[in-house]
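Breakdown of the fold
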Amino acid sequence: MTQENVLEALKNVTYPGFTKDIVTFGFVKDVLVNGTTVGLTIDITSSADEVKAQLRDEATTELKKLGFEQIQINVTAPQAPKQMSNSVSGKNIAPHVKNFVMVSSGKGGVGKSTTSVNLAIAMAMQGKKVGLLDADIYGPNIPRMMGVQDQKPEIQGNKVQPLKAYGVEIMSMGSLMEPGQSLIWRGSMIMKAIEQFLRDILWSELDVLVIDMPPGTGDAQLTLAQSVPVTAGITVTTPQEVSLDDSRRSLDMFQKLHIPTAGIIENMSGFICPSCDTESDIFGMGTTIPVAKEYDTDVIARIPIEPAIRVGGDTGMPVTYHMPDSETAKRFQEAASKLLTFIDKVNAEGGADNSAVQPTTPPGVSACSTGAGAASAPAKEPTNKNHEGCGCN
Ligand SMILES: Nc1ncnc2c1ncn2[C@@H]1O[C@H](COP(=O)(O)OP(=O)(O)O)[C@@H](O)[C@H]1O
Ligand SMILES: [Mg+2]
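Below: a short report on this structure. (Residues numbered from 1 in each chain as written. Chains lettered and ligands numbered in written order. Predicted model: local features only at pLDDT ≥ 70, side-chain atom pairs only at ≥ 80, totals over all residues. Heavy atoms only, no water.)

Observations concerning helix α8 (residues 241-256)
The end-to-end C-alpha separation of α8 is 23 Å, in line with the 22 Å expected for 16 residues at 1.5 Å each. The set of residues buried in α8 consists of S243, L244, D246, S247, S250, L251, M253 and F254. The arc that holds every buried residue of α8, seen down its axis, measures 165°, which confines them to one face. In this structure, α8 carries V242 and K256 as exposed residues pointing more than 90 degrees from its buried face. In this structure, the buried side of α8 is in contact with β4 (97-104), α7 (219-227), β11 (232-237), β12 (261-272) and α9 (288-294). Of the residues flanking the end of α8, it is H258, one or two places downstream, whose phi is positive at about 60°. (Helix = DSSP H or I, 4+ residues; strand = E, 2+ residues; numbered from the N terminus. Expected span 1.5 Å × (residues − 1). Buried < 20%, exposed > 50% of the residue type's maximum accessible area, 1.4 Å probe, protein only. Arc of directions from axis to C-beta. Contact = heavy atoms within 4.5 Å.)

In structure tokens:
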């Protein structure tokens, strides 16, 4: 028996969750054959024990079939990549939250908040402990969509108790300020606000915190990625080309921020007529599939335009909860299941790690400010003089 025989046999062992085998992936190394004795190393990217055990078992079975009697398989996981920053490890300022999901979009009005609300409720209905953080500090719509716009959160010391509706814990800038009030945000204030949402809100031990981001790719996204390891990124887009261009930027951002991409939600994809229940094409349908391919991800749901979604959003009665038999509720439930499976896969492969995107300056201090503590709590007036005229936003 030769090295070639061994490699050929191990092509029958696929890497869990993928269609490719461990030889094609290049994971099999140092094959040594001596009579009926074989030794080799499987050098895998995952450090999960189940993955290691499964690969060892399957490889052993294949090698026994070839006639080997002594089989030595060494499964190694490479060290985490060397970080390119001055911090000692990945960072998590909200360690009681198990998984963070960033819901982003290239532009506003595509259904990011609608998606965040319905995915959060769907996961709660599937038995998970779920929180929903409205990090869209420019347009905080979550309180209205969740029907809690008239409630004020309870303050405990310098921490804030989240609100609760439909089995989901909720916090939003909209619940902390007066209705209709606008805030003008400087970069450093955005960073501080995002950090406070994660650190100073009394979230329970959550399985998942869904985070509705402001549209685009900016300080809020970067701060979030640097503050906690984001397990999954979802981008919401409508099917038109102009929206797709922007969603590419979102997907590119996930890659740059080392956020595993769970997929695309194609919203306003077709129209379900309330009187005859037939689905018709309005903005185009299925246009996101090639974009998903480009970024090596999937379209995890196509949500049609359905008047009930808009009504549910405006009245604080989300479709997933109030109309569970509707087509859209079913699609949100399916997307939630896919998201949970994706989260499990990321965790089985070692989990999200944000050590590669740590800032080179202390948190809350933008790269161009000079003094520590330059950032201040969200305020109506800019308080950081260091920022003025330095070219940062
Ligand atoms: N699939 C849909 N069918 C009908 N109305 C929708 C749908 N998705 C979103 N809407 C409505 O469109 C508006 C914008 O959605 P929203 O979730 O607020 O977008 P974003 O958070 O991206 O700005 C809201 O009034 C919402 O109720
Ligand atoms: Mg929104």
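Following the structure, the description resumes.
Overview of the pairing of β12
In terms of burial, β12 is a largely internal element, ten of the twelve residues being buried. As defined by bridge partners, β12 adjoins strand β13 (residues 279-280) across two bridges and the pair is classed as antiparallel. Pairing of I272 across the sheet is with E279, part of β13. The hairpin turn running from β12 into β13, its antiparallel successor, is six residues long, and D277 in that turn takes a positive phi close to 65°. (Pairing = 2+ DSSP bridges.)

A short note on the site of ligand 1
Around ligand 1, the structure places 16 residues, and the nearest of them are G109, K112, S113, T114 and P304. Here G109 contributes a backbone N or O atom positioned 2.7 Å from an oxygen atom of ligand 1. Within the contact set of ligand 1, an oxygen atom lies 2.8 Å away from a backbone nitrogen or oxygen of K112. The protein chains hide 84% of the 560 Å² of surface that ligand 1 would expose on its own. Mapping ligand 1 onto the cavity grids shows that it belongs to the second largest pocket. (Near = heavy atom within 4 Å. Polar contact = N/O pair within 3.5 Å; in protein donor to acceptor, adjacent residues only side chain to side chain. Areas by Shrake-Rupley, 256 points an atom, 1.4 Å probe, with all protein chains shown as cover. 1 Å grid on protein atoms, 1.4 Å probe; cavity = no way out; pocket = protein on both sides within 12 Å on 5 of 7 lines; lining within 4 Å. Sits in = over half its atoms within 2 Å of the grid points.)

A short note on the packing of helix α1 (residues 3-10) against helix α2 (residues 49-66)
Put simply, α1 and α2 touch, their axes get as near as 9 Å, and they point 130° apart. On the basis of their axis angle, the class for α1 and α2 is oblique. For the pair α1 and α2, the sense of crossing is right-handed. Where α1 approaches α2, its residues N5, V6, A9 and L10 are matched on the opposing element by A59, E62, L63 and L66. Its residues assigned to classes, the contact of α1 with α2 comprises six nonpolar, one polar and one charged. (Axes fitted to C-alpha atoms, helices over the stretch in contact; angles between N-to-C directions. Parallel < 35°, antiparallel > 145°, perpendicular 65-115°, else oblique. Left-handed = near helix turned anticlockwise from the far one by under 90°. Nonpolar A, V, L, I, M, F, W, Y, C, P; charged D, E, K, R; others polar.)

Some words on unusual backbone geometry
Even without being glycine, D30 reaches a positive phi, approximately 50°. You can see D30 is positioned in strand β1 (residues 28-34). Residue class for D30 comes out exposed when judged on its relative accessible area of 60%. For D277, which is not a glycine, the phi torsion comes out positive at approximately 65°.

Focus on the packing of helix α6 (residues 187-199) against α7
Orientation of α6 relative to α7, taken along the N-to-C sense of each, is 45°, at an axis distance of 9 Å. When the axes of α6 and α7 are compared, the pair comes out oblique. Seen along the crossing, α6 lies across α7 with a hand that is right-handed. Residue-level contacts link G187, I190, M191, I194, E195 and L198 of α6 to D219, A220, T223, L224 and S227 of α7. Its residues assigned to classes, the contact of α6 with α7 comprises six nonpolar, three polar and two charged.

Observations regarding empty space enclosed by the protein
Overall, the coordinates contain two cavities of 30 Å³ or more when judged by the stated rule. By volume, the largest cavity is sized at about 60 Å³. As for the largest cavity, its lining consists of T114, V117, N118, M145, I309, G312, G313, P318 and V319. Elements represented by at least two residues in the lining of the largest cavity include exactly α3 (112-125) and α10 (307-315). Of the residues belonging to the lining of the largest cavity, the class tally is five nonpolar, four polar and no charged. Of the volumes computed, that of the second largest cavity is approximately 40 Å³. (Points joined across faces, edges and corners; volume = space filled by probe spheres on them.)

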